[in-house]
Amino acid sequence: MAAKNLGIGIGLRVPHYAAIQSTAPAVDFFEIISENFMVEGGPPLRNLSRVLEQYPVVQHGVSLGIASAQGLDFEYLDRLKQLARMTDTPWLSDHLCWTRSGSHHSHDLLPVPYTEENATYIADKARIVQDFIERPFALENLSSYVSFKSSQMTEWEFYRRVIEAADIYMMLDVNNVYVSSVNHGFDPMDYLRSLPYERVIQVHVAGHTELADGSLLDTHNRPVRDEVWQLYRYVHQRTGGVSTILEWDADFLGFEDTVAQAMIARRHMTELHDSLDEQFGDQVDGDPDALTA
Amino acid sequence: MRSPPESPIAPASLCRLQEAFGRAIAAPFVFDSTPDGQGGDYQLDIDSYDAELVADIRPRGTTSPHERLGIYNQQYWFRLLSTMQEEYPVTERILGTLEFNKMVMAYLTRFPPDSYTLTHLSDRLGQFLTHQHRWNRGLIRESAGLEYLFIRAFDAPERPAFHPSSQTEYHRDEILAQPIGLQPHWFLFEEHWNLVECRQAIKQEGVATITPVARHGHWAVYRGPDGPRAHRLNWLQARLLDALHRGTPLGQACDELVETLDGNDVQELAGNIGTWFARWVAMGWFASPSVEPAR
């Protein structure tokens, strides 16, 4: 592991502010959407300052668009870096996707064909980003609804190739692995078995929504499904424990219930450790695949 | 300062794919209105998707490549429409949701999002409306204008506040001669309908329908401790604040205003200006003047 395990946290959203200030909830850290705080003044920065007095905060972005065919936006990166000075985020992450075509921002996370030349192009840009922001930089795997015939490799091969070529980190979204596995018909364990876990710096878990045709949408508005927790247990074991964020972005629960959802991750961690202790004693690096059998 | 490194050049195939994909997801919906024009539904215009792009997308199960791409097309518009509905609740209720969505789609097709943040989504809505016969109505322009001020007030910069105690550091004459800056999050709004009250009824009471009535008045839209607010102004206050907002020094603004007033109004101004200023300072409207302390 390249980074400290911050424990269990939740994505910081506006409906949470009042509860955080009045109850100081027992979460270990918060994750912010960077772009929501790359502003010149007002409530966002004031609220963030208050949270920073009590908790570590990590930054997660949605608009870098590392795979966009346009060059890097250094004005955007400069503002990102300024915010990082305020939060002192131990790392920064964004998504392995494109977000704009020309000057048109889609405000969505869009997939690319998994080709050698695309991997090289994205890795070259990601390396520049990490150098520029002067902090560890991680890319998150997407949930996607299309796959391309022009792809030359699997998503997990592509993901690994970009991360290793750029010498950056993985922000592994376990729910996204599950959603894409259903949408594209692959075994999520094939994905998870292939990852270089020494590069996984943080994990996301979240809920999703099923469409009429059986496809899944990554909606972040429902409890994490058991299938996803099973995958999480595997990832937790392979990483030896990694900073984990529950994302909940719509149809908000009460804050206490949101925290309770996040704490399910802690229960899985504890159960896993107990189970491993029973099975292997001190040898917690046993065969990880056995856990999912 | 070191210049940023050169970005790598994207593969040509990636450029082509993103251009076609970008056009597909931004393809406007086709609306089917009911005969009375009050209701209706929409359909994705999947036939407009680029054929080469569609041919590169794998079908899966019963879902065709068109339908897969349609998920992104739908999500793109749902995200933008829901953002605009949240930011423009008065305008949406005046137009009705279907017509509002048509207006937003026409606007964002003409002026697609060009910022990494959705905060700037409606920066050119006012400009768009003035060139659209269908929506270029005073009530629509005014409600959209008001709601845009609330967006800008939310996260505009804040300069150091002007406090009465700091006034002692300056000569009174210098204060009167200098423009007193209003905060960048402060805006003057002139209404011809009771749109601020309509907005408050929606935001605070959750009312589903509104009936704007004609009424002339002035409001200050500004950022309070918890977010944007509106504060009603009388016409004297509005004229004075408008002059200050335009950069007229306080002394000159008062002199010019007095010249246009009759005796009763002069009395009202003279009798109340101290109280008004104290209240405006307390609400954080003024930024510190940029005069040097007196030696």
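Help me get a handle on the pattern of salt bridges, residues and values and all.
Residue and element names in this part refer to chain B. For the structure shown, the criterion picks out 21 salt bridges over all chains. Among the ionic pairs, Arg 23 bridges to Asp 50, the shortest N-O distance being 3.8 Å. With Arg 23 in helix 1 (residues 12-25) and Asp 50 in the loop between strand 2 (40-43) and helix 2 (51-55), the pair connects residues that are 27 residues apart, well separated along the chain. Judged by its relative accessible area of 52%, Arg 23 is exposed. For Asp 242, the salt bridge identified is with Arg 246, shortest N-O distance 3.5 Å. Among the charged side chains, a network of salt bridges with common partners joins Glu 191, Glu 197, Arg 215 and Arg 232.

Please set out the nonpolar core residue by residue, giving values where relevant.
Among soluble globular proteins, nonpolar side chains are generally buried collectively. Of all hydrophobic cores here, the largest spans 147 residues; its most connected members are A:Phe30, A:Leu77, A:Leu172, A:Leu192 and B:Phe21. Of all the elements, helix 4 (residues 116-133) of chain A adds the most residues to this core, at nine residues. Non-local contacts of A:Leu77, meaning those with residues more than four positions away in its chain, are made with A:Leu64, A:Leu72, A:Val129, A:Phe132 and A:Ile133.

Can you explain the sheet that holds strand 3 (residues 187-193) of chain B? Please cite residues and give values.
Residues and elements named next belong to chain B. The antiparallel open sheet is built from three strands, whose spatial order is 3-4-5. The open sheet is flanked by strand 3 and strand 5 (227-233), the only strands paired with a single partner. Across the sheet, the mean angle from the axis of one strand to that of its neighbour is 35 degrees, orientation sign disregarded. In this structure, strand 3 lies alongside strand 4 (residues 214-224), joined through six bridges in antiparallel fashion. Residue Leu 188 lies in a different strand from strand 4, and its bridge partner there is Ala 220. Packing against the sheet, helix 10 (residues 195-205) makes contact with strand 3, strand 4 and strand 5, and its axis sits at approximately 95 degrees to strand 3.

Rules used in this analysis
Residues numbered from 1 in each chain as written. Chains lettered and ligands numbered in written order. Predicted model: local features only at pLDDT ≥ 70, side-chain atom pairs only at ≥ 80, totals over all residues. Heavy atoms only, no water. Salt bridge = Lys/Arg side-chain N within 4 Å of Asp/Glu carboxyl O. Helix = DSSP H or I, 4+ residues; strand = E, 2+ residues; numbered from the N terminus. Buried < 20%, exposed > 50% of the residue type's maximum accessible area, 1.4 Å probe, protein only. Core = buried A, V, L, I, M, F, W, Y, C linked by side-chain atoms within 4.5 Å. Contact = heavy atoms within 4.5 Å. Pairing = 2+ DSSP bridges. Axes fitted to C-alpha atoms, helices over the stretch in contact; angles between N-to-C directions.

These results come straight from atomic positions and should not be treated as a statement about function.
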